[in-house]
Amino acid sequence: MATKGNPGDNRTRRSFSVFIVFGLCCFFYLLGAWQRSGFGKGDSIAHEITKNADCSVISNLNIETHHGVGVKNPDDLRSESKVFQPCDDRFIDYTPCHDQPRAMSFPRENMEYRERHCPSDGEKRRCLIPAPKGYATPFPWPKSRDFVPFANAPYKSLTVEKAIQNWIQYEGNVFRFPGGGTQFPRGADAYIEQIASVVPIGNGMVRTALDTGCGVASFGAYLFKKNVITMSIAPRDSHEAQVQFALERGVPAIIGVLGTIKLPFPSRSFDMAHCSRCLIPWSQNDGKYMMEVDRVLRPGGFWVLSGPPISWRINYNAWKRSEEQLEEDQRKIEEMAKLLCWEKIHEKGEMAVWRKRVNKHYCQERESHVTMCEPTIEDDVWYKRMEACVTPYPNTNNTSEVAGGELKPFPQRLKDVPPRISSGSVNGVSSESFEEDNKLWQKHLNAYKRVNKIIGSGRYRNIMDMNAGLGGFAAALESPKSWVMNVMPTIAKKDTLGVIYERGLIGIYHDWCEAFSTYPRTYDLIHAHGLFTLYKHKCDYEDILLEMDRILRPEGTVIIRDHEIEVIKIKKIVSGMRWNTKMVDHEDGPLVPEKILFAVKQYWVAGENNLTSLR
């Protein structure tokens, strides 16, 4: 049947309408983000813009499948969705797997009660965690390193407990972090320079670091100056909000402890491990904690220990411990270091530094004195108990070869083919496919920036990739303005987290059927590629999305890239959350079954009218 007029006219009008809608959405979103970026300025304006700028409908998006397995009826998207209510205000800082009342029911021996203990399905809180009143967008980096809005983590106990150690100071409506620490009263910069006189920090060879018992993570915060990225860990304990402060500052951190289970990192991850008065009993438990550090330390990597029991003869009075006990502690540490085949390269004042040998040829006598772990379990760590065994080196042919492969200095190693790939250790991943993956993620990132133009501007400091693959998204984003927590789902078909570390990036194993080991509101941007397809037969999408909401900052952004049918399901669920959404086609066109959902979490705080508009 003939139609009146030129068919191209309708297409032109539709294209123009789409352009207008898209332009207005971007304008309002950017304006809202700009208004909120100045700490406490324009809160009401940003709130209204976020609430009223409805970017949830793109008129030219074809929601019918092009491959025969999608939603047959577009009206399914418009049906009633569950509306998620706010949690009670007392859950503002709720950490499900590190909940204090639950923790106290577990044994205190070896810090087991400080480890992950997650609620059962029947105990899960399926509500939205509110932000505290007065919550403000963190300052941009590097100002955030030194200043945090008081309203974001309103806890003053550390300003009293650590007053003389210069950790943190309260100044009106902000906390100030002077860069001090228990072991570095002259500041983190001076302390790091002391380490740099022994360890090659600053030339790119030390890129990834682990800080155990990190406090408020000033060590990791100041290491960024040296282009070193640090995974800081501390338990949720009497020093309230340590990890929360670290993340508010824009420093990588997780709630964690060396207790009875292995650290959630692959073997040979870190170029350097560090403990500054971290109160970890290194000399106890048959040396298990030092063995665990050895597992995650790269051959040729460094372990820095400062504070008790180093230089105990001078400091035992100040530490209020007996000479005999401190002497015994240091003796056991020295003995275990030798068994691990670490070479002590420095001891001065209260600091000692050991270096892990580069291969097993330097450790010929070790296997007759220690129990060696099975090589097949070195990366099987999720909820696995620590054992009193030593992780073997990968095989080498001579004394000069670095076990596991030698890495280039950073940033060269970011794009260089990682040794785990070039050696064929990762099934199904070749040097060629690695190169193609890099190109693909640069293409994807460029497409993301066309929709959200503030990606890469510094507005998003703390970024998470929930299903990181080879780390291509993080590598494409690499910038001093941001860092990425690359998450390797424990059910992933390929374990590539070791590859990610070899690129000079950081990450963690995690099962997304459970909550992440962090406080609420700790990430500015969350990226999920293929995550929901991966978990569609494992756990409820609703629980995963509520966890994403918990750890996402108000006015933070989510990017979900997945198969069309999964994205449509997700969009329907989040229509009952306080997210503004926009679903778009793959950058290669509507015939590609993969779609992308962009979402912005609305700004709302505890005590507000619960009838706030939900989209």
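Residues numbered from 1 in each chain as written. Predicted model: local features only at pLDDT ≥ 70, side-chain atom pairs only at ≥ 80, totals over all residues. Heavy atoms only, no water.

As annotated in an unreviewed UniProt entry, the chain carries the name Methyltransferase and comes from Centaurea solstitialis. Here the chain is described in UniProt, under the heading Sequence similarities (unreviewed entry), as follows: "Belongs to the methyltransferase superfamily." (UniProt positions renumbered as here; feature names shortened; annotations may be inferred.)

What follows covers the sheet that holds strand 2 (residues 169-171). Reading across from one edge, 1-3-2 is the order of the three strands in this open sheet, with antiparallel pairing throughout. Two strands bound the open sheet, and with one partner strand each, they are strand 1 (147-149) and strand 2. Neighbour-to-neighbour, the strand axes of the sheet open up by a mean angle of 30°, direction not taken into account. Strand direction decides the pairing type here: strand 2 and strand 3 (residues 174-176), joined by three bridges, are antiparallel. Note that in strand 3 the partner of Y170 across the bridge is F175. (Pairing = 2+ DSSP bridges. Helix = DSSP H or I, 4+ residues; strand = E, 2+ residues; numbered from the N terminus. Axes fitted to C-alpha atoms, helices over the stretch in contact; angles between N-to-C directions.)

The next thing to look at is the sheet that holds strand 7 (residues 270-276). Two pairing modes exist for strands in a sheet, parallel and antiparallel, and in both the strands are linked by backbone hydrogen bonds. Reading across from one edge, 6-5-4-7-8-10-9 is the order of the seven strands in this open sheet, with mixed pairing throughout. Both outer strands of the open sheet, strand 6 (253-255) and strand 9 (342-348), are each paired with one neighbouring strand and no more. Between one strand axis and the next, the sheet turns by 20° as a mean value, whatever way the strands run. Summarising the sheet, strand 8 (residues 297-306) and strand 10 (residues 351-356) pair through five bridges and their orientation is antiparallel.

This part is about the state of the cysteines. As used in these notes, a disulfide is a covalent bond between sulfur atoms, one from each of two cysteines. Inspection of the entire model under this criterion finds six disulfides. Disulfide pairing places C87 opposite C127 at an S-S distance of 2.0 Å. Between C87 and C127 the sulfur-sulfur dihedral comes to about 100°; the bridge is accordingly right-handed. Of this pair, C87 sits in the loop between helix 2 (43-52) and helix 3 (100-103) while C127 sits in the loop between helix 3 and helix 4 (143-146); the two residues are 40 residues apart in sequence, bridging distant segments of the chain. A residue is classified by how much of its surface remains accessible, and C127, at 16% relative accessible area, is buried. By sequence-ordered numbering of the bonded cysteines, the chain has its disulfides arranged as 1-4, 2-3, 5-6, 7-8, 9-10, 11-12. (Disulfide = S-S within 2.5 Å. Buried < 20%, exposed > 50% of the residue type's maximum accessible area, 1.4 Å probe, protein only.)

Among the nonpolar cores identified, the biggest contains 131 residues, and F265, M272 and W282 are the most heavily contacted of them. By residue number, the principal contributor to this core is helix 18 (residues 541-551), which donates six residues. Setting aside residues up to four positions removed in sequence, F265 forms contacts with L210, M231, I233, I254, F270, R295, V296, V381, Y501, G507, I508 and Y509. Within the second largest apolar cluster, ten residues are counted, among which are V148, W167, I168 and V216. (Core = buried A, V, L, I, M, F, W, Y, C linked by side-chain atoms within 4.5 Å. Contact = heavy atoms within 4.5 Å.)

Glancing now at the confidence of the model for the chain. Counting all residues, the mean pLDDT for the chain is 87, and 85% of those residues have values of 70 or more. Ignoring residues within four places in sequence, the model shows residues 610-615, a span with pLDDT below 50, making 26 contacts including any to other chains. (pLDDT = per-residue confidence, 0-100.)

To continue, consider the packing of aromatic side chains. Counted according to the given criterion, the structure contains 21 aromatic pairs. Ring geometry for Y448 versus F598: centroids 6.0 Å apart, planes at 85°, classification edge-to-face. Of this pair, Y448 sits in helix 14 (residues 431-451) while F598 sits in strand 17 (residues 594-601), and the two are 150 residues apart along the sequence. Just as Y448 is buried, F598 falls in that class too. By the ring-pair criterion, three or more aromatic residues cluster together here, those being F150, Y170, F175, F177 and F245. (Phe/Tyr/Trp six-rings, centres within 6.5 Å; stacked < 30°, edge-to-face > 60°.)

Now for the environment of Q330. Here Q330 is to be found in helix 11 (residues 323-339). Sequence-wise, Q330 and W312 are 18 residues apart; in three dimensions their C-alpha atoms are separated by 8.2 Å. Other than its neighbours up to four places away in sequence, Q330 contacts P309, I310, S311, W312, K344 and E347.

Another point: the side chain of K262. By secondary structure assignment, the location of K262 is in the loop between strand 6 and strand 7. The charged side chain of K262 is buried without a salt bridge, its nearest counter-charge being E387 at 5.3 Å. Those residues within four positions of K262 in sequence are excluded, and the remaining contacts are E292, R295, I377, D380, V381, K384, R385 and M386. (Lys, Arg positive; Asp, Glu negative; His and termini not counted. Salt bridge = Lys/Arg side-chain N within 4 Å of Asp/Glu carboxyl O.)

As a further point, take the packing of helix 18 against helix 19 (residues 564-574). At their nearest, the axes of helix 18 and helix 19 sit 10 Å apart, and the two run at 65° to each other. As for how helix 18 packs across helix 19, the hand of that crossing is right-handed. Taking contact as the criterion, the partners of Y541, E542 and L545 in helix 18 are, on helix 19, E566, K569, I570, I573 and V574. Its residues placed into classes, the contact of helix 18 with helix 19 shows five nonpolar, no polar and three charged. (Left-handed = near helix turned anticlockwise from the far one by under 90°. Nonpolar A, V, L, I, M, F, W, Y, C, P; charged D, E, K, R; others polar.)

Turning to unusual backbone geometry, a few remarks are in order. Note the cis peptide between P308 and P309, where omega equals 5°. One can find P309 in the loop between strand 8 and helix 10 (312-319). The peptide bond linking F410 to P411 adopts the cis configuration, its omega dihedral lying at 10°. Along the chain, P411 turns up in the loop between strand 10 and helix 12 (412-415). Even without being a glycine, D286 presents a positive backbone phi close to 60°. You can see D286 is positioned in the loop between strand 7 and helix 9 (288-296). A relative accessible area of 61% means that D286 is categorised as exposed. Positive phi outside glycine occurs at R521, with the angle close to 65°. Tracing the sequence through the fold places R521 in the loop between strand 13 (506-510) and strand 14 (523-529).

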